[in-house]
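# Architecture at a glance
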Amino acid sequence: ITSAVAFDILPLKLHPFSQSTPTGLDCVGWKRRISSPVIADGALDKTALTDDVGSEEDLYEDFRSSNHRYGHPGGGGEQLAINELISDGSVVYAEALWDHVTMDDQELGFKAGDVIEVMDATNKEWWWGRILDSEGWFPASFVRLRVNQDEPMEDYPLKVDGGKEDDSSSGTRRFGMGQTTKDQMRTNVINEIISTERDYIKHLKDICEGYIKQCRKRADMFTEEQLKTIFGNIEDIYRCQKKFVKALEKKFNKDHPHLSEVGSCFLEYQTEFQIYSEYCNNHPNACMELSRLTKVNKYVYFFEACRLLQKMIDISLDGFLLTPVQKICKYPLQLAELLKYTNPQHRDFKDVEAALNAMKNVARLINERKRRLENIDKIAQWQSSIEDWEGEDVLVRSSELIYSGELTKISHPQAKSQQRMFFLFDHQLVCCKKDLLRRDILYYKTRINMDDMEILDVEDGKDKDFNISVKNAFKLHCRDMEEVHLFCAKKPEQKQRWLKAFENERRQVQLDQETGFSITEVQKKQAMLNASKQHHSGKPKAVTRPYYDFLMRQKHPTLPTTLPQQQVFMLAEPKRKPSNFWQNISRLTPFRK
């Protein structure tokens, strides 16, 4: 194993739909010992299968019983090589991809980006490692081996006073034929970027030609809607990545890789990479649909036959479909490592620096869109709990709850005051009334179009428009009509929070316009349908405290004793700020005892 090779050691399971992340993409091109006929037009030739190895079921069972595990960390060459390095006395380092929360004293906790010394990799799912003076087990799927295993630790940037990195020694050490250690390390990272990108293209091609093409030939088993759910827009991703890898290869200096200037490629394609947002948002639906289909044996056999015909490594389909999600996670990590070994005088330095920020922004955008998509189900459930709802659904125009709380609304012509609950969404402010006896029930009253409104801060004292004395007040004034709404909060700090919320609402609307964010009509209808089904199945109209407590518990799940779930949607920001939807909702009286 050379330092120029990057390993993504992740566990696999034999049963379909393992939750572990797929690995071994650098082995995609390996030849299998089993020979299967390749059908040129993409159709599954059952006769050919039967003549060679029997039925699809026989083919599947023969392979399962053969004990061949291509690219499998538990039995493949990678893990064996790691253990050989460790037994020979070599120090093997891995870098954490995600946070690992320590659930017992036998486990090793770490943050994304931490460097871990791997001391034992015998078990395919759990490795034993050390960080400073702490040792323990950690999930192999949460780390990747560092590209530069031969990098001296004194060359690895250390945190010094003030939080800045000290890597002053790395530029002076010499390596090989006149190269500095830093140049050699940059060569290793460049080689990793190029090789993993080529492997990824092969992987996407296998999915499109090995699975999608075959599935389309079986209209008796799959509808186009099912295929769209299972594979999302992965064909668009494949076309985008083919262009991207060609751009990378043009910038790749084969003779002197450390002189390659690849930063501009990431900058050029940063907008196109936003197509990963649609894929990541659809991925949970793909998993559910696959889980449903594979309860029927013929689908299990069909998917396995597709994989064998394409000569793909031993990973279930859901594992293959997870790699685009993982890929968009890795770009910021790779660019951060590349920047670390790029001298400020290098022609590529500014582009790499800008590319790192750009890919972090792409990751943040995808995270935000994922969070917003998750919120629409909660908004639909909220609407279904409101009595006497009138007009269009909230989701027709909105997808985010910005703020909520109780205010006194003063109306013309008699300056009548009313206590109301208000919910500020993007584009609209919804007004509800509490039930006089059951305070956990809300009735819809009206809504205000925020796109037409101007926010006016009102000083304490007598208001000229309404001819009354007010305190902690503000107005919503319609720009096109002589329409004024006067509101009063109980405390000055509550008024300030509302004024800040109105600013955030306008900022959110502008950001959505700039980024092109929108919820599809299908997603809106599905969310409302799901909420309606829950209501008709016997769910109480008002969102009760036990149900709210259940939702709050889902925000802080505990890790299982088996292999933990990966935070695949955390991308480049493991400390992503959680959604504030239910924090806003929790302030409402309906959820108080």
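Just so you know, these numbers come straight off a predicted model, no measurement behind them.

### Remarks on the packing of aromatic side chains
- For the structure shown, the criterion picks out 25 aromatic pairs.
- Taken together, a centroid distance of 6.4 Å and an interplanar angle of 50 degrees make the contact between Y211 and F320 tilted. Residue Y211 is located in helix 4 (residues 181-216), and its partner F320 is located in helix 10 (residues 317-340); the two are separated by 109 residues in the primary sequence. Each member of the pair, Y211 as well as F320, is classed as buried.
- On the basis of an interplanar angle of 85 degrees and a centroid distance of 5.9 Å, the ring pair of W382 and W389 is categorised as edge-to-face.
- Sitting over the ring of Y238, K242 keeps its end group 4.6 Å from the ring centre.

### Structural notes on the sheet that holds strand 5 (residues 143-145)
- Overall, antiparallel pairing links the five strands, which are arranged 4-3-2-1-5 in an open sheet. Strands with a single pairing partner mark the edges of an open sheet, and in this sheet they are strand 4 (134-139) and strand 5. Strand-to-strand twist across the sheet, computed as the mean angle between neighbouring axes with direction ignored, equals 45 degrees.

### Remarks on a positive patch on the surface
- A surface patch of like charges, here positive, comprises K205, K242, K246 and K250.
- For the positive patch, the element with the most residues is helix 6 (residues 234-251), which contributes three residues.
- Turning to its location among the elements, K250 is positioned in helix 6.

### Overview of the sheet that holds strand 17 (residues 473-478)
- The sheet built from seven strands is open, its strands ordered 13-12-11-10-18-17-14 with antiparallel pairing. Two strands lie at the open edges of the sheet, namely strand 13 (442-449) and strand 14 (453-458), each paired on one side alone. Each neighbouring strand pair of the sheet contributes to a mean axis angle of 35 degrees, computed without reference to strand direction.
- Across seven bridges, the pairing between strand 12 (residues 428-434) and strand 13 is antiparallel. Considered in strand 13, the bridge of L429 is made with I448.
- Contacting strand 10 (401-411), strand 11 (416-425) and strand 12, helix 11 (residues 349-384) crosses the sheet at an angle of about 155 degrees to strand 11.
- Contacting strand 10, strand 11, strand 12, strand 14 and strand 17, helix 12 (residues 492-515) crosses the sheet at an angle of about 125 degrees to strand 10.

### A closer look at helix 8 (residues 276-293)
- Here helix 8 contains 18 residues, and its C-alpha end-to-end distance of 25 Å stays within 8% of the 26 Å for a straight helix at 1.5 Å per residue.
- Of all the bends in helix 8, the greatest, near 40 degrees, is centred on H283, and the proline P284 appears no more than four residues after it.
- Buried within helix 8 are the following residues: Y276, S277, Y279, C280, N281, N282, H283, A286, E289, L290 and L293.
- The inward-facing, buried residues of helix 8 contact helix 4, helix 5 (224-231), helix 6, helix 9 (297-309), helix 10 and helix 11.

### What about the pattern of salt bridges?
- Summed over all chains, the structure comprises 34 salt bridges.
- Linked through salt bridges whose partners overlap, the residues forming this network are E368, R371, R372, E400 and D512.

### Comments concerning the nonpolar core
- Residues F222, F231, F266, F273, F303 and L321 are the most contacted members of the largest nonpolar core, which totals 62 residues.
- Elements with a minimum of two residues in this core: helix 4, helix 5, helix 6, helix 7 (263-269), helix 8, helix 9, helix 10 and helix 11.
- Per-element tally for this core: the top contributor is helix 4, with 13 residues.
- Those residues in contact with F273 that lie beyond four places of it in its chain are C240, Q241, F244, F266, I328, Y331, M359, V362 and I366.

Reading the values: rules and limits
Residues numbered from 1 in each chain as written. Predicted model: local features only at pLDDT ≥ 70, side-chain atom pairs only at ≥ 80, totals over all residues. Heavy atoms only, no water. Phe/Tyr/Trp six-rings, centres within 6.5 Å; stacked < 30°, edge-to-face > 60°. Helix = DSSP H or I, 4+ residues; strand = E, 2+ residues; numbered from the N terminus. Buried < 20%, exposed > 50% of the residue type's maximum accessible area, 1.4 Å probe, protein only. Lys NZ or Arg CZ within 6 Å of the ring centre and 35° of its normal. Pairing = 2+ DSSP bridges. Axes fitted to C-alpha atoms, helices over the stretch in contact; angles between N-to-C directions. Patch = residues over 30% accessible without salt bridge, like charges linked within 9 Å, V, L, I, M, F, W, Y side chains within 5 Å. Areas by Shrake-Rupley, 256 points an atom, 1.4 Å probe, with all protein chains shown as cover. Salt bridge = Lys/Arg side-chain N within 4 Å of Asp/Glu carboxyl O. Lys, Arg positive; Asp, Glu negative; His and termini not counted. Charge placed at Lys NZ, Arg CZ, Asp CG, Glu CD. Contact = heavy atoms within 4.5 Å. Expected span 1.5 Å × (residues − 1). Bend = angle between axes of the 7 residues up to and from the residue. Core = buried A, V, L, I, M, F, W, Y, C linked by side-chain atoms within 4.5 Å.

Taken by themselves, the reported measurements are silent on function.
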